[in-house]
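An overview of the molecular structure
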Amino acid sequence: MKKTPFVTKKQLEEIVKEYPTPFHLYDEAGIRKNAQALKDAFAWNKGFREYFAVKATPNPFVMNILREYGCGYDCSSLTELMLSEATGVQPRDIMFSSNDTPAEEFAYADKLGAIINLDDITHIDCLEETLGHIPEIISCRYNPGGLFKISNDIMDNPGDAKYGMTTEQIFDAFRILKSKGAKEFGIHAFLASNTVTNEYYPMLAKVLFELAVKLQKETGAHVKFINLSGGIGIPYKPDQEPNDIAVIGEGVRKVYEEVLVPAGMGDVAIYTELGRFMLGPYGGLITKAIHEKHTHKEYIGVDACAANLMRPAIYGAYHHITVMGKENEPCDHMYDVTGSLCENCDKFAVDRMLPKIDMGDLLFIHDAGAHGYSMGYNYNGRLRSAEVLLKEDGSTQLIRRAETPADYFATFDCFDIADRLPKK
Ligand SMILES: *Cc1c(COP(=O)(O)O)cnc(C)c1O
């Protein structure tokens, strides 16, 4: 499928007059349409709720849009909890799906009325010592080990993943938690990441639903929800077929009818913790070509770098690039598109066939809406960019300003040198 930016060249030329490149641009209309589609796909389940994975796009303006569709938040750190708190959360609006959790973060999560999702059986003691009690509602994260396969394709390798409890441990955990006063239970698992197939969720659902039936039967614990977590992917490459969330929802419903309903568990709520699927396609990194270099290869230098979007640098991830205004020109030039970091992996594209790029051309780097800005860092003293929301009416709103040198130097504010560093 051809990848088309959600802005035109003309629109973008107006936007860059107000916000200098590079910046992340988000598409409100796309975010809303997709959030509604997810809601519709699971409307058959009375208790359904999406807990947006805050780490994907930790911006309160984005989070507030999702809240209009009933979303809660999936958090795994103190600052994610604080950010969610600042948007005004009610008890049970947060799923605290952390791992290797500092005790004080359990306490903070509990104070906010978050549902705590335990990554390990040993965390029961830690939680009880920290809070002085076990919450009435509690969730446990499951990891069956081995390989997670769909047909014969290996989707991911849970046996090598640090998360979750073994089968034996989750049974023990349920018994222990119940004996300590827990009344409502959840089960969570995240077994494969960025799956571009409609089969992942239904397959995961089958594993978890069957486990839930056994757990409820053998431990007497009441299973209130099953959390399918994240993992629904997006087509980063133009030749990939996008997931169809309606088909996925229907697939999960079928397994629900097959496994849970006959076991008398037709009241179990389905939760999700999607991040990439909620925001990935609805954000682009906007950058400008500022240098061309002809050496052993042809290079285009842009004003963004891996500090703004690190997935290509660390995973070799493909992000499609549109040269604005040249959508219909032949891709007859092979380029490496690079940022300025003193790291050779700082390339948004390697050996990519693109139209001829001229200096000043605007590049739209696709699918940067999730795990884009949020993975940014400050290597080489590079500053994080602004985030801008393209609203439904075509206007724009700054939803996070760009960092300034003063932000970068802020952690020296308790030292004398602060007086000789810029304050802005
Ligand atoms: C990262 C994460 C998610 C979101 O994953 P996506 O691939 O962005 O959907 C959900 N739950 C947990 C616990 C995570 O760590």
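Residues numbered from 1 in each chain as written. Predicted model: local features only at pLDDT ≥ 70, side-chain atom pairs only at ≥ 80, totals over all residues. Heavy atoms only, no water.

For the protein, the name recorded in an unreviewed UniProt entry is Diaminopimelate decarboxylase, with Dorea ammoniilytica as its organism. We quote the UniProt Cofactor (unreviewed entry) comment for the protein here in full: "pyridoxal 5'-phosphate". Recorded in UniProt under Sequence similarities (unreviewed entry), the annotation for the protein is "Belongs to the Orn/Lys/Arg decarboxylase class-II family." (UniProt positions renumbered as here; feature names shortened; annotations may be inferred.)

Interhelical geometry of helix α8 (residues 200-219) versus helix α9 (residues 245-260) gives an angle of 25 degrees and a closest axis separation of 9 Å. Comparing the axis directions of α8 and α9 gives the class roughly parallel. Crossing of α8 over α9 shows right-handed handedness. Facing α8, whose interface residues are Y201, P202, A205, K206, F209, E210, A212 and V213, α9 presents I248, G251, V252, V255, Y256, V259 and L260. A class-by-class count of the residues in the contact of α8 with α9 yields twelve nonpolar, one polar and two charged. (Axes fitted to C-alpha atoms, helices over the stretch in contact; angles between N-to-C directions. Helix = DSSP H or I, 4+ residues; strand = E, 2+ residues; numbered from the N terminus. Parallel < 35°, antiparallel > 145°, perpendicular 65-115°, else oblique. Left-handed = near helix turned anticlockwise from the far one by under 90°. Contact = heavy atoms within 4.5 Å. Nonpolar A, V, L, I, M, F, W, Y, C, P; charged D, E, K, R; others polar.)

Scanning the entire structure with this criterion turns up 14 aromatic pairs. Ring geometry for F6 against F364: centres 5.2 Å apart, planes inclined by 85 degrees, an arrangement best described as edge-to-face. Of this pair, F6 sits in the segment before α1 (9-18) while F364 is found in strand β17 (residues 362-365), placing the two residues 358 residues apart along the sequence. Classification of F364 by relative accessible area gives buried; the value is 1%. Aromatic pair F174 and F185: ring centres 4.6 Å apart, planes at 35 degrees, arrangement tilted. Of the two residues, F174 sits in helix α7 (residues 167-179) while F185 sits in strand β9 (residues 184-188), which places them eleven residues apart along the sequence. Across this residue pair, the class does not change: F174 and F185 are buried. (Phe/Tyr/Trp six-rings, centres within 6.5 Å; stacked < 30°, edge-to-face > 60°. Buried < 20%, exposed > 50% of the residue type's maximum accessible area, 1.4 Å probe, protein only.)

In this section: the packing of α7 against α8. As a packed pair, α7 and α8 sit with axes 10 Å apart at the nearest point and diverge in direction by 45 degrees. What the angle tells us is that α7 and α8 run oblique. Crossing of α7 against α8: the hand is right-handed. Residue-level inspection shows I170, F171, F174, R175 and K178 of α7 in contact with α8, the latter providing L211, K214, L215, E218 and T219. For the contact of α7 with α8, the residue count by class is five nonpolar, one polar and four charged.

Here the focus is the pattern of salt bridges. Side chains bearing opposite charge may pair, as long as their charged atoms lie close to each other. Applying the stated criterion to the full structure yields 23 salt bridges. In the salt-bridge network here, residues are joined through shared partners; they are E28, R32, E68 and E392. (Salt bridge = Lys/Arg side-chain N within 4 Å of Asp/Glu carboxyl O.)

A separate point is α8. For α8, which comprises 20 residues, the first-to-last C-alpha distance of 28 Å matches the rise-based estimate of 28 Å (1.5 Å per residue) to within 8%. Every buried residue of α8 is listed here: Y200, Y201, P202, L204, A205, L208, F209, L211, A212, V213, L215 and T219. Buried-residue contacts for α8 involve β7 (148-150), α7, β9, β10 (222-227), α9 and β11 (269-272). At the C-terminal side of α8, G220 shows a positive phi close to 75 degrees. (Expected span 1.5 Å × (residues − 1).)

Time to look at the UniProt feature "domain: Orn/DAP/Arg decarboxylase 2 C-terminal" (unreviewed entry) in the protein. The sites that carry the UniProt feature "domain: Orn/DAP/Arg decarboxylase 2 C-terminal" (unreviewed entry) are, in the present numbering, residues 281-369. Summarising residues 281-369: 6% helix, 43% strand, and an end-to-end C-alpha distance of 6 Å.

Attention now goes to the confidence of the model for the protein. Of all residues in the protein, 100% attain a pLDDT of 70 or more, and the chain-wide mean is 97. Per-element mean pLDDT across the protein ranges from 86 in strand β8 (residues 153-156) up to 99 in strand β1 (residues 23-27). (pLDDT = per-residue confidence, 0-100.)

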